[in-house]
Amino acid sequence: IGGIDSFPLLAVPFFILAGNLMNNAGITNRIYNFALALVGWLKGGLGHVNVVGSVIFAGMSGTAIADAAGLGTVEIKAMKDHGYDLEFAVGVTAASATLGPIIPPSLPFVIYAMMANVSVGALFLAGILPGVLMALLMMVTVAYFAHKHGWGGDIKFDWARVSKSLIELAVVVAW
């Protein structure tokens, strides 16, 4: 009983609950729409959308499984419908889902901090730079494959679309 009577371990079920609630509330679709408006115009746009969407979702759920299950289904279907290779779509989704345990709030960071008796806040702060660097390198990889296969942008850039999708996302997240 003493092993499970820990305040930091309460984060584990709550992160999982948050991921499930976001999936059921339609937040994943709004994250996808915002990421599409933001980077969908780049070469290999939906691959970049996959990575940016995972960064946003990781910042809310803290787990890789919730990211892959929530955004993955939407992203893989969209990439397949737009002519991307299925292997590429699945690979980008799996790789970008690994950002969940790196970008704060991270469930493994909370568990490690509790076990090693270190600061959760310090671990969260330490996860920002590696998470952003991993995301940028994934986007460089997507751009390389997009140039190699001749994939173009999937939409045209429009500030009105970006602001509209950001407002929709912010309203749902704040709600």
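Predicted model, so just to flag it, every value in this text is computed and none were measured.

(A) Structural context of the overall build of the protein chain. The secondary structure content of the protein chain amounts to eight helices and zero strands. Across the protein chain, helices and strands are ordered from the amino to the carboxyl terminus as α-α-α-α-α-α-α-α. Relative to its length of 175 residues, the protein chain is compact, with a C-alpha radius of gyration of 17 Å against a globular reference of 16 Å. Dimensions along the principal axes, computed over C-alpha positions, put the protein chain at roughly 55 × 35 × 25 Å.

(B) Here's a closer look at the pattern of salt bridges. Scanning the entire structure with this criterion turns up two salt bridges. Of the charged contacts, one joins Lys164 and Glu168 as a salt bridge, the two residues approaching to 3.8 Å between their closest N and O atoms. One end of the pair, Lys164, and the other, Glu168, are both in helix α8 (residues 159–174), four residues apart, so they sit about a helical turn from each other. A relative accessible area of 54% means that Lys164 is categorised as exposed. By relative accessible area, which is 33% here, Glu168 ends up partly exposed.

(C) Structural view of the environment of Ala89. On the secondary structure map, Ala89 appears in helix α5 (residues 86–97). Residue classification places Ala89 among the buried positions, given a relative accessible area of 1%. Taking the C-alpha atoms as reference points, Ala89 and Tyr112, separated by 23 residues in sequence, lie 31 Å from one another. In this structure Ala89 touches Asn50, Ile76 and Met79, once residues within four positions along its chain are discounted.

(D) A nonpolar patch on the surface, seen in detail. Together, Phe7, Leu10, Phe14, Leu17 and Leu21 give the surface a local cluster of nonpolar side chains, amounting to about 570 Å² of exposed area. Counting through the fold element by element, Phe7 comes out in the segment before α1 (11–25).

(E) Region of interest: unusual backbone geometry. Cis geometry is found at the peptide bond from Pro104 to Pro105, where omega equals 0°. Of note, Pro105 is situated in the loop between α5 and α6 (107–116). The residue Asn117 is not glycine, and still its phi comes out positive at about 55°. Along the polypeptide, Asn117 turns up in the loop between α6 and α7 (120–149).

Analysis parameters
Residues numbered from 1 in each chain as written. Predicted model: local features only at pLDDT ≥ 70, side-chain atom pairs only at ≥ 80, totals over all residues. Heavy atoms only, no water. Helix = DSSP H or I, 4+ residues; strand = E, 2+ residues; numbered from the N terminus. Rg over C-alpha atoms; globule rule 2.2 N^0.38 Å. Salt bridge = Lys/Arg side-chain N within 4 Å of Asp/Glu carboxyl O. Buried < 20%, exposed > 50% of the residue type's maximum accessible area, 1.4 Å probe, protein only. Contact = heavy atoms within 4.5 Å. Patch = residues over 30% accessible without salt bridge, like charges linked within 9 Å, V, L, I, M, F, W, Y side chains within 5 Å. Areas by Shrake-Rupley, 256 points an atom, 1.4 Å probe, with all protein chains shown as cover.

These values are about where atoms sit, not about what they do.
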